[in-house]
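# Summary of structural features
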Amino acid sequence: MMSMSTSKSRDLPVPEVLAHVIDVHCHPTDSMILASSMDSLPIKICAMATKQSDQSLVRDLALAWPGKVIPCFGYHPWFTHWISREPSISKEHHYKALLIDQSHPGREDDLMKALKRLLPDLPEPILLSDVLITLRTNLIDFPNAMLGEVGLDRSFRIPWSPDPNIQRKLSDFTVPLEHQIYILEAQLKLAVELKRNVSLHSVKAQQATLQLIDRMSKQHGEAWDMISIDIHSCGMSPEMWIMLEKSHPNIYLSLSTTINARSLSYRALIAACDPRRILAESDYHDICGSTERTWDMITTIADVRGWHVEKEWNPAVPEEGEWGTIRKLEENWNAFSRGGHLDKRRKLDAKKRNRKDRKDTIHWDGD
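All of the points below concern the structure found in this document. (Residues numbered from 1 in each chain as written. Predicted model: local features only at pLDDT ≥ 70, side-chain atom pairs only at ≥ 80, totals over all residues. Heavy atoms only, no water.)

## Structural notes on the nonpolar core
Generally speaking, nonpolar side chains in soluble globular proteins are found buried as a group. Counting 65 residues, the largest nonpolar core has Val198, Ile231 and Trp241 as its most contacted members. Broken down by element, this core gets its largest block of residues, seven residues, from helix H8 (residues 177-194). Beyond its immediate sequence surroundings of up to four residues, Trp241 is in contact with Ile231, Cys234, Met236, Ile251, Tyr252, Leu253, Leu269, Cys273, Asp274 and Arg277. Trp82, Leu99, Met112 and Leu118 belong to the second-largest nonpolar core, a separate cluster that totals 17 residues. (Core = buried A, V, L, I, M, F, W, Y, C linked by side-chain atoms within 4.5 Å. Buried < 20%, exposed > 50% of the residue type's maximum accessible area, 1.4 Å probe, protein only. Helix = DSSP H or I, 4+ residues; strand = E, 2+ residues; numbered from the N terminus. Contact = heavy atoms within 4.5 Å.)

Here it is, written out as structure tokens:
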């Protein structure tokens, strides 16, 4: 039987077209990477870091293939329980304080037994201040680097063993949302300071994500609108997304068949979103599948939006109305990369003031 990768690769366009494709979110350092695979990679990728051990792997990948790799440094919500907000506390104290919910009276003994079983496989906690020092260094060393992957996840449960070679069995422990938010906001503060774009994870946390974005916008003001935020493998409803994009001109979404194709609702999201705010990704753990999976999403976007897909590349830029899917998505990526959405914010605020003035006028006339 022909594999998906092989069948899809037959549908790939010529290299001149693929050279304009960007996989805006993938995890190539989760698997072994052959130099030959990177040498033959026809697209650009945004390579995500997620935990302490892979920050250096992403760094090395970007140093080796700077023309193909946009490095992204950060700590994923699945690993935020490894990060301590307080210095000079023991490993047991850190995890006990973080993971055992005192709001469940009568369960303390059972939870402590479970924690003692889990504790040997948990790493020594890293101090948040040390995390931010390393993160700052990596972002400064790579002027094109993004913050990622960071975010919020209310569905994640801590596995009994961190070894990926062991069948994944999950404990009952979750990372408190309040702790996830604290770690995320510390990373976002650094991204705003350094004017770096963000790849944001949001799973079963739509309301918390909306509240976070509103809070960051108010807290950082114009500096927040200088950076772009991509909600990757976005699982929001079309209604929720429309509300978000109308309020925040710096928010984009990207979609992957790896995650989003599990539900047909993502096609409605493609149809509903602003065509200038959509990006494509693979969200894949193996560089050998990045191109095919990103292309699969690109053709899906084209199908839903009714856009044609370029079979060859015209170096002369046509009129915007004649752009194909690749050029549209590339221009979206260029706008995302540039950031600086202040003009859009001012126009948005002006529209809000005009609507308010009209309402006030109607109310006044009614009196």
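Back to the write-up after that little detour.
## Observations regarding the packing of helix H13 (residues 290-305) against helix H14 (residues 325-338)
Contact geometry of H13 with H14 gives a least axis separation of 10 Å together with a crossing angle of 105 degrees. If you check the angle between H13 and H14, you find them roughly perpendicular. Contacts between H13 and H14 pair Trp295, Ile298, Ile301 and Ala302 from the former with Thr325, Ile326 and Leu329 from the latter. Of the residues belonging to the contact of H13 with H14, the class tally is six nonpolar, one polar and no charged. (Axes fitted to C-alpha atoms, helices over the stretch in contact; angles between N-to-C directions. Parallel < 35°, antiparallel > 145°, perpendicular 65-115°, else oblique. Nonpolar A, V, L, I, M, F, W, Y, C, P; charged D, E, K, R; others polar.)

## Things to note about the sheet that holds strand E2 (residues 44-48)
Strand order in the open sheet made by the eight strands is E1-E2-E3-E6-E7-E8-E9-E10, with parallel pairing throughout. Of all the strands in the sheet, the pair left with one neighbour each is strand E1 (22-26) and strand E10 (278-280). Averaged over all adjacent pairs, the angle separating strand axes in this sheet is 30 degrees, with direction ignored. Here four bridges tie E2 to strand E3 (residues 69-73), and the two strands are oriented parallel to one another. The residue of E3 that forms the bridge with Ala47 is Pro71. Along the sheet, helix H4 (residues 55-64) contacts E2 and E3; its crossing angle with E3, the most-contacted strand, is approximately 160 degrees. (Pairing = 2+ DSSP bridges.)

## Some thoughts on the side chain of Lys328
Looking at where Lys328 falls in the secondary structure, it is placed in helix H14. One buried charged residue, Lys328, remains without a salt bridge, the closest side chain of opposite sign being Glu320 at 6.1 Å. If we skip the residues at most four places from it in the chain, Lys328 touches Trp307, Glu320 and Trp323. (Lys, Arg positive; Asp, Glu negative; His and termini not counted. Salt bridge = Lys/Arg side-chain N within 4 Å of Asp/Glu carboxyl O.)

## What about the state of the cysteines?
Each disulfide consists of a covalent bond between the sulfur atoms of two cysteine residues. Taken as a whole and assessed by the stated rule, the structure comprises zero disulfides. The cysteine Cys234 is free of any disulfide, with Cys273 supplying the nearest cysteine sulfur at 8.8 Å. Here Cys288 is not cross-linked by a disulfide; its sulfur's nearest cysteine counterpart is in Cys26, at 12 Å. What makes Cys288 partly exposed here is its relative accessible area of 47%. (Disulfide = S-S within 2.5 Å.)

## Focus on the side chain of His20
Mapped onto the elements of the fold, His20 is located in the loop between helix H2 (15-18) and E1. A distance of 2.9 Å separates the side chain of His20 from the side chain of Glu330, its partner in a polar contact. Once you skip the residues sitting within four places of it in the chain, His20 turns out to touch Trp313, Ile326 and Glu330. (Polar contact = N/O pair within 3.5 Å; in protein donor to acceptor, adjacent residues only side chain to side chain.)

## Some details on the pattern of salt bridges
Under the criterion given, the structure shown has twelve salt bridges. One salt bridge connects Asp172 with Arg157, and the closest N-O pair in it is separated by 3.7 Å. On the criterion of sequence distance, the pair formed by Asp172 in the loop between strand E6 (146-153) and H8 and Arg157 in the loop between E6 and H8 is long-range, its members being 15 residues apart. Asp172 sits in the exposed class, given a relative accessible area of 61%. Among the salt bridges present, the one from Asp274 reaches Arg276, with a minimum N-O distance of 3.0 Å. On the basis of relative accessibility, which here comes to 14%, the residue Asp274 falls in the buried class. Its relative accessible area of 57% is what places Arg276 among the exposed residues. Connected through salt bridges with shared partners, the residues Glu222, Asp343 and Arg346 form a single ionic network.

## Section: the pairing of E2
Most of E2 sits inside the fold, with four of its five residues counted as buried. Pairing of E1 with E2 involves three bridges; the strand directions are parallel. Bridge assignment links Asp23 to a residue of E2, and that residue is Ile45.

## Section: the packing of aromatic side chains
Scanning the entire structure with this criterion turns up five aromatic pairs. Measuring from ring centre to ring centre gives 5.5 Å for Trp333 and Phe336, while their planes differ by 25 degrees; the resulting arrangement is stacked. Note that Trp333 and Phe336 are positioned in helix H14 at a spacing of three residues, about one turn of the helix. Across this residue pair, the class does not change: Trp333 and Phe336 are buried. The ring of Trp307 carries the charged tip of Lys328 above its face, separated from the ring centre by 5.0 Å. (Phe/Tyr/Trp six-rings, centres within 6.5 Å; stacked < 30°, edge-to-face > 60°. Lys NZ or Arg CZ within 6 Å of the ring centre and 35° of its normal.)

## Regarding the environment of Ala271
One can find Ala271 in helix H12 (residues 265-272). Judged by relative accessible area, Ala271 falls into the partly exposed class, the value being 47%. Expressed as a C-alpha distance, the spacing of Ala271 and Ile301, which sit 30 residues apart in the sequence, is 8.4 Å. Among residues more than four places away in sequence, those in contact with Ala271 are Val304 and Arg305.

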